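Survey of secondary and tertiary structure
Take a look at the letters that make up each chain.
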Amino acid sequence: MSTPSTPRLAVVGGGPAGLMAAEAAIAAGVDVDLYDRMGSVGRKLLIAGKGGLNLTHSELREAFVTRYGARRDAAARWLDVFDADALRAWARGLGIETFVGTSGRVFPSDLKAAPLLRGWVRRLRAEGVRFHVQHAWKGWDGDALLFTAPAGEVRVMPDAAVFALGGASWPVLGSDGTWAAPFEAAGVDVATLAPSNCGFDVEWSPFLREHHAGAPIKPVVATFTAPDGTRLTRQGEFVLSAYGIEGSLVYALSAALRDTIEARGHATLELDLTPQRDQAALIRDLSRPRGKRSRSEHLRRATGLDAAKIALLHEVLPRDAFDDAHRVAAAIKALPLVLRSARPVAEAISSAGGVRLEGLDDTLMLRARPGSFVAGEMLDWEAPTGGYLLTACFATGLIAGRAAAAWLRARG
Ligand SMILES: Cc1cc2nc3c(=O)[nH]c(=O)nc-3n(C[C@H](O)[C@H](O)[C@H](O)COP(=O)(O)OP(=O)(O)OC[C@H]3O[C@@H](n4cnc5c(N)ncnc54)[C@H](O)[C@@H]3O)c2cc1C
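All of these numbers come straight from a predicted model, not from anything done at the bench.

Across the interface, helix α1 (residues 16–27) lies against helix α6 (residues 114–127) with an axial gap of 10 Å and an inter-helix angle of 30°. When you trace α1 past α6, the crossing you get is left-handed. For the pair formed by α1 and α6, the contact residues are L19, A22, E23 and I26 on the first element and W120, L124 and E127 on the second. The class makeup of the residues in the contact of α1 with α6 is 5 nonpolar, no polar and 2 charged.

As a further point, take the sheet that holds strand β15 (residues 244–246). Taken in spatial order, the 7 strands make up an open sheet running β17-β16-β13-β14-β15-β12-β18, and their pairing is antiparallel. Lying at the two open borders of the sheet, with one neighbouring strand each, are β17 (335–339) and β18 (341–342). Note: strand β13 (residues 216–225) against strand β16 (residues 267–272), 4 bridges, orientation antiparallel. What sits directly across from A222, in β16, is L271. Strands β12 (200–201), β13, β14 (231–240), β15, β16, β17 and β18 of the sheet are contacted by helix α9 (residues 248–264), whose axis makes an angle of about 110° with β14.

Once that is clear, we can look at the site of the ligand. Around the ligand, the surrounding shell holds 38 residues, and the nearest of these are G13, G15, G166, G174 and G376. Elements represented by at least two residues in the shell around the ligand include exactly α1, α2 (43–48), β7 (136–141) and α14 (388–410). With 5 residues, the top contributor of residues to the shell around the ligand is α2.

We now examine the domain arrangement of the protein chain. Each assigned domain of the protein chain is listed here: domain 1 (8–195 + 350–410) and domain 2 (200–342). Its C-alpha centre places domain 1 at a distance of 38 Å from the equivalent point of domain 2. At the interface, 7 residues of domain 1 touch 6 residues of domain 2. Residue composition of the side of domain 1 that touches domain 2, by class: 4 nonpolar, 2 polar and 1 charged.

Examined against the element boundaries, L34 turns out to sit in strand β2 (residues 31–35). Setting aside anything within four residues of it in sequence, one finds L34 in contact with V11, G14, G18, A22, V129, R130, F131 and H132.

Taking 1.5 Å as the rise per residue, α9 with 17 residues should run 24 Å; its terminal C-alpha atoms sit 24 Å apart, in good agreement. Its maximal kink placed at S254, α9 deviates by approximately 60°. Listed as buried for α9 are L249, V250, Y251, A252, L253, S254, A255, L257, R258 and T260.

Basis of the calculations
- Residues numbered from 1 in each chain as written.
- Predicted model: local features only at pLDDT ≥ 70, side-chain atom pairs only at ≥ 80, totals over all residues.
- Axes fitted to C-alpha atoms, helices over the stretch in contact; angles between N-to-C directions.
- Helix = DSSP H or I, 4+ residues; strand = E, 2+ residues; numbered from the N terminus.
- Left-handed = near helix turned anticlockwise from the far one by under 90°.
- Contact = placed C-beta atoms within 7 Å.
- Nonpolar A, V, L, I, M, F, W, Y, C, P; charged D, E, K, R; others polar.
- Pairing = 2+ DSSP bridges.
- Near = placed C-beta within 6 Å.
- Domains from an automatic or database assignment.
- Expected span 1.5 Å × (residues − 1).
- Bend = angle between axes of the 7 residues up to and from the residue.
- Buried ≥ 20, exposed ≤ 12 C-beta atoms within 10 Å, placed from the backbone.

Okay, here's the thing in structure tokens:
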């Protein structure tokens, strides 16, 4: 039971980061009110469940932390507090067993988010967290938090606050990044929110757009050479879409591709369309007499390429080059695909940018606003898909919730 002297924490945002902060703070004896603008919490987590809910990854820690790129040192500190094993144990505490898939990714055994979210919210309520949905945070008025709620404006004066308002992807699920304006007005340094794990625009011919949009390209190896000479190579698959390319392989390279497009106006991805066959074998088979077979039938038989991959070749090679086995083989092994722009952040799986870590102390408290903590995707870090996003959101939520409770206790 709360007493008039129990410190009150407002958690603003009810995604995985905010829910974790609420759980940590209430366990530390703090009164917790959680606010979310939507009619229910955890909507993005629920949508992640449609893809099986990739909670975390089983790879070794040394590899795990590299997924956070420039933020690997900060991520290492977060994982010291809550890593993949801790996450799996925590899920087990909610009655959700997990398993490691063939790719090393970790999923709940039923591949669903709803049972986990339902059980979690039930437990938080039982522990005393008060939920205030349909409360959209608008900013600060002095020390007070201002919300718009169905009954009008609500002013709240907590003793401390954890902000976990998410990034700017899929705004229909609640996170639209509009928190950036009041944060900047309060003197907080915010890096512009940008698409991460996103698709890219390619200037397709009308033929490809009409006949091959939706086709998977697999298996394929994609190599990107960044302007500083760093070569990134990934094997996997992606999908041709009406606007360009999307899918896991593209997402894995998206940060470097996005940054290069921003700096240079375009980025060139090199595709190996036949990872299992080398160039010499392709030249040999393409050089065989084609007899009565049409040119396209000969190409298909000699290379084993499917229709979508052949359409990709046609996007790059001029028509007369198709009689030259060496040119065709070279293009198949290193097809240059020019990407023109990243898709908008609203369509991306996640966003880069956010509250810069330099404006926070190690407990994730804002230097510009003592007593205000920040967690989850609204922080300035990014990672590829593979469970790295949720892991960092859970970890930072836990750190911010615990730290807020400790800060309140220290102030008496
Ligand atoms: C389709 C899809 C699939 C995904 N699949 C995976 C996956 O399998 N594995 C993985 O690791 N990651 C996945 N992600 C990413 C992952 O879901 C997010 O990184 C994670 O949910 C971010 O957690 P968060 O708590 O920081 O923010 P969010 O989950 O975005 O939660 C923020 C909350 O704040 C609320 N809010 C925002 N603004 C306001 C405001 N002004 N006032 C009040 N409330 C507000 C929102 O309503 C929301 O409930 C996926 C994302 C998408 C879009």
